[in-house]
2 protein chains.
Amino acid sequence: MRTIISLDIGGTQLRAAVYQQDRQEPIAQKRIKTRASEPDTLGRLLKLIEDVIPRDGKVDAIGASCPGPVDPHTGVIMFTPNIKEWRDFPFAAKLMKSFGVPTYVDNDANLAGLAEWKFGAARGHHHVLYLTVSTGVGGGVIINDRLLQGSHGLAAELGHTIVQVDGPLCGCGQRGHLEAFSSGTGIERFVADQLKAGRKSVLNPAKRNSAHDISEAAKEGDSLSIEAYHIAGKYLGIGVANFLHVFNPSVVVFGGGVSQSGPLLFDSFNDSLKEHVIHPRYLEGLKIVRAELGDNSGLLGARALAELKLEV
Amino acid sequence: MRTIISLDIGGTQLRAAVYQQDRQEPIAQKRIKTRASEPDTLGRLLKLIEDVIPRDGKVDAIGASCPGPVDPHTGVIMFTPNIKEWRDFPFAAKLMKSFGVPTYVDNDANLAGLAEWKFGAARGHHHVLYLTVSTGVGGGVIINDRLLQGSHGLAAELGHTIVQVDGPLCGCGQRGHLEAFSSGTGIERFVADQLKAGRKSVLNPAKRNSAHDISEAAKEGDSLSIEAYHIAGKYLGIGVANFLHVFNPSVVVFGGGVSQSGPLLFDSFNDSLKEHVIHPRYLEGLKIVRAELGDNSGLLGARALAELKLEV
């Protein structure tokens, strides 16, 4: 029976869980604060792993989910938001040295997609498009039952594809990316710009209005807030139409907080998707569903990655 | 020793070739006019196959390359430009009935990409982005040494991704697709619009100027023609930047007539690609090369498809 240690490295929490192959639930798990501004995040992580490791010590592999660009082929974390001391950080090598078992790492969006395919909303599908829509827009893609990673492991950065040349500024510094339109940050920026230009709204122009504040205002009928989500949904439909033409998946899974906005986002999304697909066959049999795994997608995705690697 | 019959179904020519596994060159080949406006294209194709089939009659599989959307999982050609009588046409089933061997079919751009990976400019790479830039823009993608096909086989329609919402009209009826900017048709449309608006040029506003006419005028220093290719190259760079973020390939292969325009297209392409990539690592070690197989890419791609299917 295989034992996998699974890690979810977040900006606020470090989580570890131990899975055994025949059980969906972990046999042990623990979480601690990341304390990313303090040195030696690695030391805290190693201690956390020791705390959950089975008494007999037998572990077959470690899998880890980490935000930011990661090279899954070398196990090097290029950088990760919050943990500033990890730059070109040989993560897998460090863990292999400490625990003597193969260690696999990939970014959080890829692994959330993998988790939904293996354990969640995309079970049984061979071609999966997973999109997380929260502060950013991230992607995870399964093609022929395999995770899309690319030559340096930098594939599926779906939020950073241009849908409007010279469009609004994205968090990455480029313009016109899908993320600049359809993420929480994009929604907030649109509203802030409109308020600054004197547009009337129930929202206070003097304070920072979050995507959640804006969705609440929209539910009260605020036209600016409704429009902000309408635009986000329209561009999300354009982005997904592009990805249907690129990947032709049989299921689209939405994760992330903004994707829980219901009809406020998805009415315009659905109209836009239908309008921008080049042939109705792309929509034939296509399922569009919500992610099922929530906060556990990182742990389960890291587990799935390690299990897949052991099978090869 | 395996024997494969390979078919390249074009609007003007039907080609057939017989390959044996250990030889790169066909042991027999023949081509005839398609005569697409006349009935019974299938009859002509079957006769062509009979003309090249080895005397001992032993054939292991048939592979076919066909323009337009094809479902490679069912072998049904949804439609193909020129051959109007083939609509939802059960191509593979018809050939299997006639010759009693497995028959595989996919679209011409996918198979040109597969051919370049197996026999041409992308040999040895595991992650390949192939783009044909001619009257349209088509794509073929290899991920982990496997052809990207998608759930209905409609993936990699890379020319039909939006880079500019509400941009110029594409041949497919949608707006702002990469193909509307960077294909020969896109270049021609831009020039025609500018001439109509009274822009000065050595080109005759009263006649239809082809992409080739425009490239000739550009070489003579015509500023409108130079600008037309410059724009095509700029948007091609944007499209390829998007696809690097999506696929993270180690090689980009350009086929098609327009991609032979040299610096006229590729100076602005290179500038644009560098400008729009979100991280320099996408360009690290990336090769950008011209296709090597020319007119034989369809036959060699169909052969590669059949050989891969027999190996599975």
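To keep things clear, this report deals only with the structure shown in the data block.

Here we take up the pairing of strand S6 (residues 76–79) of chain B. Residues and elements named next belong to chain B. The pairing of strand S5 (residues 70–71) with S6 spans 2 bridges and is antiparallel. Within the sheet, the bridge partner assigned to Val 70 lies in S6 and is Ile 77. Bridge count between S6 and strand S7 (residues 87–89): 2 bridges; the pairing is antiparallel. Note that in S7 the partner of Ile 77 across the bridge is Phe 89.

So, about the packing of aromatic side chains. For any two aromatic rings, the description comes down to two numbers: the centre-to-centre distance and the angle of the planes. Evaluation of the coordinates by the stated rule reveals 13 aromatic pairs over all chains. When the ring of Trp 86 of chain B is compared with that of Phe 91 of chain B, the centres are 5.7 Å apart and the planes differ by 55 degrees; the resulting orientation is tilted. Comparing Trp 86 of chain B with Phe 91 of chain B shows no difference in burial state: the two are buried. Aromatic pair Phe 254 of chain B and Phe 266 of chain B: ring centres 5.1 Å apart, planes at 70 degrees, arrangement edge-to-face. A residue pair is termed long-range when its members are at least 10 positions apart, and Phe 254 of chain B in strand S12 (residues 251–255) and Phe 266 of chain B in helix H8 (residues 263–276) qualify at 12 residues. Classification of Phe 266 of chain B as buried rests on a relative accessible area of 14%. Each residue in the set Trp 86, Phe 89 and Phe 91 of chain A is aromatic and connected to the rest through ring pairs, giving one cluster.

On to helix H3 (residues 108–119) of chain B. Residue and element names in this part refer to chain B. When the terminal C-alpha atoms of H3 are compared, their 16 Å separation across 12 residues agrees well with the 16 Å that a helix rising 1.5 Å per residue should span. Burial of H3 is extensive: 10 of the 12 residues sit out of reach of the surface. Listed as buried for H3 are Ala 109, Asn 110, Leu 111, Ala 112, Gly 113, Leu 114, Ala 115, Glu 116, Trp 117 and Phe 119. Between the side-chain oxygen at the start of H3 and the backbone nitrogen of Ala 109 there is a gap of 3.0 Å, and the oxygen is on Asn 107.

So, on to the sheet that holds strand S10 (residues 137–143) of chain B. Residue and element names in this part refer to chain B. Ordered by their spatial adjacency, 5 strands build an open sheet running S11-S10-S9-S12-S13, and the pairing between neighbours is mixed. The sheet is open, and its two borders are formed by strand S11 (146–147) and strand S13 (287–290), each paired with just one other strand. Each of strand S9 (128–133), S10 and S12 touches helix H7 (residues 223–247); the most contacted strand, S9, lies at about 155 degrees to it.

Below, the discussion takes up the relation of the copies chain A and chain B. Between the two copies of the chain lies a relationship made up of a rotation around an axis and a movement along it. At an RMSD of 0.0 Å, chain A and chain B line up after a rotation of 180 degrees and a shift of 0.0 Å along the axis. Both copies are brought into coincidence by an operation consistent with a two-fold rotation axis. Both copies present the same face, since 100% of the interface residues in chain A are matched by interface residues at the equivalent positions in chain B.

Bringing the sheet that holds strand S8 (residues 103–107) of chain B into the picture now. All names here are of chain B. What the 5 strands build is an open sheet, ordered S3-S2-S1-S4-S8; its pairing is mixed. Lying at the two open borders of the sheet, with one neighbouring strand each, are strand S3 (28–33) and S8. Each strand axis lies, on average, 15 degrees off the axis of its neighbour in the sheet, ignoring direction. As defined by bridge partners, strand S2 (residues 13–20) adjoins S3 across 6 bridges and the pair is classed as antiparallel. Directly across from Leu 14, in S3, lies its bridge partner Ile 32. Sheet strands touched by helix H2 (residues 91–99): strand S1 (3–9), strand S4 (61–66) and S8. Its angle to S8, the strand with the most contacts, is close to 150 degrees.

Side-chain pairs of opposite charge can arise where the charged atoms are in close proximity. Across all of its chains, the model carries 28 salt bridges over all chains by this definition. A salt bridge links Glu 284 of chain A to Arg 281 of chain A; the shortest N-O distance between them is 2.5 Å. Glu 284 of chain A sits in the partly exposed class, given a relative accessible area of 44%. As a salt-bridge pair, Lys 30 of chain B and Asp 51 of chain B come within 2.8 Å of each other at their nearest N and O atoms. Placement of Lys 30 of chain B in strand S3 and of Asp 51 of chain B in helix H1 (residues 41–52) is noted, with a sequence separation of 21 residues between them. Here Lys 30 of chain B falls in the partly exposed class, since its relative accessible area comes to 36%. Through salt bridges with shared partners, a single network forms among Lys 30, Lys 47 and Asp 51 of chain A.

This paragraph deals with the nonpolar core. If you look at the biggest cluster of nonpolar residues, it comprises 88 residues, and the most contacted ones within it are Val 240, Phe 247 and Phe 254 of chain A together with Leu 131, Val 240, Phe 247 and Phe 254 of chain B. In this view, Phe 247 of chain B contacts Gly 150, Ala 155, Val 246 and Phe 247 of chain A together with Val 141, Ile 143, Leu 148 and Leu 158 of chain B; residues no more than four positions away in its chain are not counted.

This part is about a positive patch on the surface. Positive charge collects at one region of the surface, where Arg 146 and Lys 309 of chain A together with Arg 146 and Lys 309 of chain B lie side by side. Within the secondary structure, Arg 146 of chain A sits in strand S11 (residues 146–147).

Another aspect to go through is the environment of Ser 6 of chain B. Residue and element names in this part refer to chain B. Its location among the elements puts Ser 6 in strand S1. Classification of Ser 6 by relative accessible area gives buried; the value is 0%. Each C-alpha atom of the pair Ser 6 and Cys 66 lies 11 Å from the other, and the pair is 60 residues apart in sequence. What Ser 6 contacts, discounting residues up to four positions off in sequence, is Arg 15, Ala 16, Ala 17, Tyr 19, Gly 63, Leu 299, Ala 302 and Arg 303.

With that settled, the discussion passes to the side chain of Thr 80 of chain B. Note that Thr 80 of chain B resides in the loop between S6 and S7. Of note is the side chain of Thr 80 of chain B, whose polar atom sits 2.8 Å from the backbone oxygen of Pro 67 of chain B.

To continue, consider the pairing of S2 of chain B. Residue and element names in this part refer to chain B. When you tally the buried positions in S2, you get 7 out of 8 residues, the bulk of the element. In this structure, S1 lies alongside S2, joined through 7 bridges in antiparallel fashion. Looking at S2, one finds that Ser 6 is bridged to Ala 17.

Helix-helix packing is characterised by the crossing angle of the two axes and by the distance between the axes. Residue and element names in this part refer to chain B. Interhelical geometry of H7 versus H8 gives an angle of 40 degrees and a closest axis separation of 7 Å. On the basis of the axis angle, H7 is oblique to H8. Between H7 and H8 lies a crossing of right-handed hand. Classifying every residue of the contact of H7 with H8 by side-chain character gives 12 nonpolar, 7 polar and 1 charged.

Rules and cut-offs
Residues numbered from 1 in each chain as written. Chains lettered and ligands numbered in written order. Predicted model: local features only at pLDDT ≥ 70, side-chain atom pairs only at ≥ 80, totals over all residues. Heavy atoms only, no water. Pairing = 2+ DSSP bridges. Helix = DSSP H or I, 4+ residues; strand = E, 2+ residues; numbered from the N terminus. Phe/Tyr/Trp six-rings, centres within 6.5 Å; stacked < 30°, edge-to-face > 60°. Buried < 20%, exposed > 50% of the residue type's maximum accessible area, 1.4 Å probe, protein only. Expected span 1.5 Å × (residues − 1). Polar contact = N/O pair within 3.5 Å; in protein donor to acceptor, adjacent residues only side chain to side chain. Contact = heavy atoms within 4.5 Å. Axes fitted to C-alpha atoms, helices over the stretch in contact; angles between N-to-C directions. Least-squares fit on C-alpha atoms with pLDDT ≥ 70 in both. Salt bridge = Lys/Arg side-chain N within 4 Å of Asp/Glu carboxyl O. Core = buried A, V, L, I, M, F, W, Y, C linked by side-chain atoms within 4.5 Å. Patch = residues over 30% accessible without salt bridge, like charges linked within 9 Å, V, L, I, M, F, W, Y side chains within 5 Å. Areas by Shrake-Rupley, 256 points an atom, 1.4 Å probe, with all protein chains shown as cover. Lys, Arg positive; Asp, Glu negative; His and termini not counted. Charge placed at Lys NZ, Arg CZ, Asp CG, Glu CD. Parallel < 35°, antiparallel > 145°, perpendicular 65-115°, else oblique. Left-handed = near helix turned anticlockwise from the far one by under 90°. Nonpolar A, V, L, I, M, F, W, Y, C, P; charged D, E, K, R; others polar.

None of this, on its own, says anything about what the molecule does.
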